[in-house]
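The chain contents come next:
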Amino acid sequence: MNEVLSWISVHEQYIYIVVLMIFLGIEVIGRVPSVLHTPLMSGANAIHGVVIIGAIIVMGKAESDNYIALILGFLAVILGTLNVVGGFVVTDRMLEMFKSKNKAQKANSRKLSN
Amino acid sequence: MELNILTICYLIGSVTFILGLKMLSNPATARRGNLIAATGMTIAILGTIFLYKDDEGKSLHNYGWIFGGIVIGGIVGVLAAKKVKMTAMPEMVSLFNGMGGACAALISIVEFNHLTENFATNGWQVLTGENLFSHLLTIYAGAFIGCVSFAGSIIAWGKLNGSFKDLTFKGQHILNLIVFFLIICLIILLLTPLFADNYNFFYLIPLLSLVYGVLFVLPIGGADMPVVISLLNSFTGVAAACGGFLYNNQVMLTGGILVGAAGTLLTILMCKAMNRSLGNVLIGNFGGGNSAAAQGGSGGQYKEISVSDAAVAMGYARKVMIVPGYGLAVAQAQHACHELEKLLEEKDVEVKYAIHPVAGRMPGHMNVLLAEADVSYDKLLEMEQANDDFKTTDVVLVLGANDVVNPAAKNDPSSPIYGMPILEVEDAKLVIINKRSMKPGYAGIENQLFFQPKTSMLFGDAKSVLQQLISEVKNL
């Protein structure tokens, strides 16, 4: 019991971040229309690509004669970059489709004036 | 000084992630939100490469490897994301998600190796302290969740593009549970305590987790893949957060937990759109063998309609509703569809689109597709609104949709899709259904709608049928 309590007080800062982020994550997307479910999922997918920072640290700390660490780290950097870059680009392509809203409205008003 | 700047980089990163997600949940700001999050990510990555110092104050090295990896990943990522067809977007998201999961798992494995090498040289008796316990736990959790997410995403990807079929067998859930408990037991074994004799067992964790990921997704029906991908997405978020604990890295922690929480909520919202619970999606075997058999005998007579008859019916109607589905996406017929809509409007026919929340392969799929063809926003009706409008509609044109208009969801309790809200197209005066053949839809169940007297079938590829319709309507 005592150990658990001391563990909590040692990691107090993290526990706060975790708890607050959980609430924030739920709050922030709480009212998303179903139209945006797919782009939102894809955007969130790109954001968890932050894991690449861990990969960079692993890679950057590896001793230059430790080939296993180098190869695994290198792979991790490639995969992480794929996640980040691919994720953001795919999301952007999906959302690109939505911008035609204004164009469509213009076309409508033209039709009305005819 | 440098470390302080890095802290600010991470702060900017975290704030942009929150802001980005917030903006992504509103159609007007979504695209900018994505760009903002991407900018924050770039700042955080560049900051890490150039400013990061480890506990002993050493900077990173191996820049060649780092940049090499980023360049390869970046080029492949951009090409893959740019080349992919709109219909294949869901698969792509799943694949990228899997990459993130694999990345998190690899980090855990390398860190574990690092730790054990350290022990091998300095002796295992240094194994004390509370920090070691949580350090090990995050390594194990990262390996476990990352591998499950990776294997699951690859299976989901394969299912969406048709390379894997649903696989169910007796005792599947029990096998899954056994594998899951084995992993948990291994984690407990390796935590209390870790020593020279048992550390090699660690490598079983990622292996078993891969097996678990495959077993977890394999029995779930292809139609439920979006929900699964969203769930695995939040798993990867948690795996990334484990990396944040490992390196005391706030931006990984905030980004990971944020996605973990938002992804879980999004998964639940998606299930709600189909009127099902998450447990039902994960455990219930959608479109399993028994339900298909139960529906098999209830076929009957259907009637076909010719293209010119369909064109006459639509050209002289007052109000036409178009119900798009996956067939429209596969045939890339959105532009032809918009053209038909304009043509009909010129003939003073009111044209609207009825969008089911899960039409296509993913929620919002149809909206994206139709927006690409410049279809105006106010022509797209959501389900409740459309269901009110069907009563005053003369002709409903169903383009490659099936399960979302299947009345079995309303009146057949034995149907696997029972309870899912559907578009009640049978309220309209005439229903024209365009399909390639009489084959059942994605959920693998027969559709009674096709055999109703109001319904006429118009067979063919959505795009070519629409083009024929356009030329027929022009000639009216």
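From a predicted model like this one, the values you see are computed outputs, not experimental measurements.

Draft legend 1. Examining a nonpolar patch on the surface more closely. All names here are of chain A. A grouping of Met-1, Val-4, Leu-5, Trp-7, Ile-8, Ile-15, Val-19 and Phe-23 is seen on the molecular surface, where their side chains present a nonpolar patch of about 780 Å² in accessible area. Of all the secondary-structure elements, those providing two or more residues to the nonpolar patch are helix H1 (2-10) and helix H2 (12-28). Broken down by element, the nonpolar patch gets its largest block of residues, 4 residues, from H1. Along the chain, the position of Leu-5 falls in helix H1.

Draft legend 2. Inspection of the pairing of strand S4 (residues 395-399) of chain B at higher detail. Residues and elements named next belong to chain B. Counting buried residues along S4, 5 of its 5 residues qualify, which places the element largely inside the surrounding structure. Here strand S1 (residues 319-324) pairs with S4 via 5 bridges, running parallel. By the bridge assignment, Ile-322 is partnered in S4 with Leu-397. Here 5 bridges tie S4 to strand S5 (residues 430-435), and the two strands are oriented parallel to one another. Its bridge partner lying in S5, Val-395 is registered against Leu-430.

Draft legend 3. The interface of chain A and chain B, seen in detail. Between chain A and chain B, the contact holds 87 residues from the first and 104 residues from the second. Regarding the contact of chain A and chain B, the summed buried area is about 8600 Å², with carbon and sulfur atoms giving 76% of it. Three residues, Tyr-14, Met-41 and Arg-93 of chain A, lead the burial of chain A against chain B; their summed loss comes to 8% of the area buried on that side. At the junction of chain A and chain B, the tally comes to 1 salt bridge. Summed over the shared surface of chain A and chain B, the number is 18 residue pairs in polar contact (both at pLDDT 80 or more). Of all elements in the fold, only H1, H2, helix H3 (37-47), helix H4 (51-61), helix H5 (67-96) and helix H6 (101-113) of chain A reach the threshold of two or more residues within the side of chain A that touches chain B. Top element by residues in the side of chain A that touches chain B is H5 of chain A. It accounts for 28 residues. Taken together, the residues that form the side of chain A that touches chain B break down as 52 nonpolar, 26 polar and 9 charged.

The rules behind each value
- Starting from 1, residues in each chain are numbered consecutively following that chain's sequence as written.
- Numbering of ligands from 1 and lettering of chains from A proceed in the order in which they are written.
- This being a predicted model, a pLDDT of at least 70 is required before a residue's local features are given, and a value of 80 or more before pairs of side-chain atoms are given or counted; all residues contribute to the totals for chains, interfaces and linings.
- Think of the side-chain values as coming from all heavy atoms in the structure, minus any hydrogens and water.
- Patch rule: a residue counts if its relative accessible area is over 30% and it has no salt bridge; like charges are joined within 9 Å, and nonpolar side chains (Val, Leu, Ile, Met, Phe, Trp, Tyr) within 5 Å.
- Accessible surface area values rest on a Shrake-Rupley calculation with a 1.4 Å probe, where residue burial reflects the displayed protein chains alone.
- By convention in these notes, a salt bridge is any Lys or Arg side-chain nitrogen within 4 Å of a carboxyl oxygen on Asp or Glu.
- Secondary structure counts use DSSP, requiring at least four H or I residues in a row for a helix and at least two E residues in a row for a strand, with both numbered from the N terminus.
- Burial classification: accessible surface area is computed with a 1.4 Å probe over protein chains only, and a residue below 20% of its type maximum counts as buried, one above 50% as exposed, and the rest as partly exposed.
- Two strands form a pair only when DSSP identifies at least two bridges running between them.
- Contacts: residue pairs with any heavy atoms within 4.5 Å of one another.
- Buried area counts how much accessible surface, traced with a 1.4 Å probe, disappears from two parts once they are put together, with both parts' losses summed.
- As used in this structure description, the phrase polar contact means that two N or O atoms lie within 3.5 Å; if the pair is within protein, one of them must be able to donate a hydrogen and the other to accept it, and residues adjacent in sequence are counted only when both atoms belong to side chains.
- Three classes are used, and their members are as follows: Ala, Val, Leu, Ile, Met, Phe, Trp, Tyr, Cys and Pro are nonpolar, Asp, Glu, Lys and Arg are charged, and the others, Gly among them, are polar.

Keep in mind that these numbers describe shape and distance, not what the molecule does.
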